Amino acid sequence: MSSENSSADDVQQVWDVVVVGAGPAGASAAYAAAVAGRRVLLLEKAELPRYKTCGGGIIGPSRDSLPPGFELPFMDRVHAVTFSHNGRFTRTRRSRQMLFGLINRPEFDQQLVEHAQKAGAELRTGVAVQRVEQHGSAVPDRRTVAVVLQGGETVLARAVVGADGSAGRIGAHVGVKLDQVDLGLEAEIPVPETVAEDWKGRVLIDWGPMPGSYGWVFPKGDTLTVGVISRRGEGAATKRYLEDFVGRLGLAGFEPSISSGHLTRCRADDSPLSRGRVLVCGDAAGLLEPWTREGISFALRSGRLAGEWAVRIAEAHDAVDTRRQALNYAFAVKAGLGVEMSVGKRMLAAFERRPGVFHAVLTGFRPAWKAFKDITQGSTTLGELVRTHPLAHRALMALDRRPAGDEVSS
């Protein structure tokens, strides 16, 4: 190559894949594309590590989606779950094997990014994306996407992965449609050693007072992560639920080190996952489990798929091939995560109507507890369980048919 061409290339380098957002979805996408030997740029608007409102539970499907050699930075390993129904009817179930692990998101996310970098991805932090262009003067040809940064700099790519959260620019570009929005409130509460010891290895899940709401306590060494989640629009009631919950637990006297709020958003069934050479994954695509609002496993799994398909899109030579690869990505997401989401939506609808029945079944019916264990440990998913287990299938069908207002008083 002549030096003339090389300097022109330096002026406007074209990356194979540019990933926007360095959370679990973006870091997984960057890792998957970099491992395939592509030139990958990972953009993040914050400086890392950064805090994220999140319970930090790592269930089996999350663990199984991590890069080889990834050492999970567990703060605690959970062997017991205490269930309560709005503070009453408390019952603890235990498991000899670990159910799931608890992490702090700043360390976990940082480690994922480091794995992507080791695989060859380049990271730029403190960079906000203003917009993405697939046509127009900024785009040299039809095989290229222009990522325009705040400040006017333009980065060129053969494929772009949007992992910049549910309120990000890339989801808006793709036209992501969201139909379930929930408000999560959380407090990180440092506690004395005697209190921490009482919670070690055990989490609490409380089915809340508003339809579809629940609260949790996740122990992380000398800090308890205490949170609640409910439908958006119930802000005052959700805040009151958190205050009552913290008070009931005897934790009101401890000052939280962090109090935060976060909206989780689930995609509508017909929401797109791509537009041209741009894919979305994780929260940016509205991918999370609608009942529990668990998002880490969905971020890791969809991120890896997005990275793999972005490599194929980067290699596509025309619009027809690009479209084919993008449809294949959508099919891969829907065949796995989409099935889990549709079952999760049915579970949420049934749970909203009959939380007392859910509580009674989970705490008193052995097969239901086994299903909970199998899902958290990663030996099955909610979708697989309903598809392969006749009892689970019949139970969900029965719950689907229950009329609203048919809740047993408890």
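Please read all numbers here as calculations on a predicted model, not as lab measurements.

Trainee: Looking at this model, I keep getting lost on the overall build of the protein. Mind explaining?
Mentor: A count of helical and extended segments in the protein gives 13 helices and 18 strands. The C-alpha radius of gyration computed for the protein amounts to 22 Å, which stays within 12% of the reference 22 Å derived for 410 residues, consistent with globular compactness. With respect to the three principal axes, the spread of C-alpha positions in the protein is 75 × 45 × 40 Å. Sorting the 410 residues of the protein into buried and exposed places 54% on the buried side. Counting contacts in the protein only where the partners sit at least 6 residues apart, residues at least 24 apart contribute 74% of the total. About 18100 Å² of surface is accessible on the protein, with carbon and sulfur atoms providing 51% of the total.

Trainee: Help me understand the environment of Phe74 in this model?
Mentor: Its location among the elements puts Phe74 in the loop between helix H3 (60–63) and strand S4 (76–78). Considering only alpha carbons, one finds Phe74 and Ser95, 21 residues apart in sequence, at a separation of 18 Å. With residues up to four places along the chain from it excluded, the contact list for Phe74 reads Ile58, Met98, Gly101, Leu102 and Ile103.

Trainee: In this structure, what is going on with the pattern of salt bridges? I would like to understand it.
Mentor: Think of it this way: side chains of opposite charge can pair up when their charged atoms draw near. Enumeration over the complete set of coordinates arrives at 18 salt bridges. One salt bridge connects Asp270 with Lys177, and the closest N-O pair in it is separated by 2.9 Å. Here Lys177 lies in the loop between helix H5 (169–174) and strand S12 (178–190) and Asp270 lies in the loop between strand S16 (258–267) and strand S17 (274–275), a separation of 93 residues in the sequence. Residue class for Asp270 comes out exposed when judged on its relative accessible area of 53%. On the basis of relative accessibility, which here comes to 39%, the residue Lys177 falls in the partly exposed class. Between Arg248 and Asp206 there is a salt bridge; the shortest N-O distance is 3.3 Å.

Trainee: What is the right way to read the nonpolar core from this model?
Mentor: Soluble globular proteins tend to bury their nonpolar side chains together. Of all hydrophobic cores here, the largest spans 71 residues; its most connected members are Val18, Phe108 and Tyr329. If one sorts the elements of this core by residue count, helix H8 (residues 296–315) sits on top with 11 residues. With residues up to four places along the chain from it excluded, the contact list for Phe108 reads Pro24, Ile58, Leu66, Phe70, Leu72, Pro73, Ile103, Ile296 and Leu300. By size, the runner-up hydrophobic cluster in this structure holds 28 residues, among which are Ala350, Phe351, Leu382 and Leu396.

Trainee: Can you walk me through the sheet that holds strand S5 (residues 80–85) in this structure?
Mentor: Strand order in this open sheet of 7 strands is S6-S5-S13-S14-S15-S12-S16, and the pairing throughout is mixed. Sheet topology places strand S6 (88–94) and S16 at the edges, where each strand pairs with a single neighbour. On average, each strand axis in the sheet is tilted by 20° relative to the strand beside it, whichever way the strands run. Taken together, the 7 bridges between strand S14 (residues 214–220) and strand S15 (residues 223–231) define a ladder with antiparallel strand orientation. Bridged to Val217 within S15 is Val226. Contacting S12, strand S13 (202–207), S14 and S15, helix H7 (residues 235–248) crosses the sheet at an angle of about 150° to S15. Here helix H11 (residues 366–377) sits on the sheet and contacts S5, S6 and S13; the angle it forms with S5, its principal contact strand, is near 125°.

Trainee: Any chance you could explain the sheet that holds strand S7 (residues 100–102) here in plain terms?
Mentor: Where strands meet in a sheet, backbone hydrogen bonds hold them as pairs that are either parallel or antiparallel. If you trace the 3 strands from one edge of the open sheet to the other, you get S3-S7-S4, paired in antiparallel fashion. The open sheet terminates on both sides in strands that have one partner only, identified here as strand S3 (57–58) and S4. The sheet contact formed by S4 and S7 spans 3 bridges and is antiparallel. If you follow Val78 over to S7, its bridge partner there is Phe100.

Trainee: So what exactly am I meant to see when it comes to the UniProt feature "domain: FAD-binding" (unreviewed entry) in the protein here?
Mentor: The feature "domain: FAD-binding" (unreviewed entry), as given by UniProt, occupies residues 16–297 in the numbering adopted here. In this annotation, residues 16–297 is assigned 21% helix and 37% strand; the end-to-end C-alpha distance for the span is 26 Å.

Here is what the cut-offs are and how they apply
- Residues numbered from 1 in each chain as written.
- Predicted model: local features only at pLDDT ≥ 70, side-chain atom pairs only at ≥ 80, totals over all residues.
- Heavy atoms only, no water.
- Helix = DSSP H or I, 4+ residues; strand = E, 2+ residues; numbered from the N terminus.
- Rg over C-alpha atoms; globule rule 2.2 N^0.38 Å.
- Buried < 20%, exposed > 50% of the residue type's maximum accessible area, 1.4 Å probe, protein only.
- Contact = heavy atoms within 4.5 Å.
- Areas by Shrake-Rupley, 256 points an atom, 1.4 Å probe, with all protein chains shown as cover.
- Salt bridge = Lys/Arg side-chain N within 4 Å of Asp/Glu carboxyl O.
- Core = buried A, V, L, I, M, F, W, Y, C linked by side-chain atoms within 4.5 Å.
- Pairing = 2+ DSSP bridges.
- Axes fitted to C-alpha atoms, helices over the stretch in contact; angles between N-to-C directions.
- UniProt positions renumbered as here; feature names shortened; annotations may be inferred.

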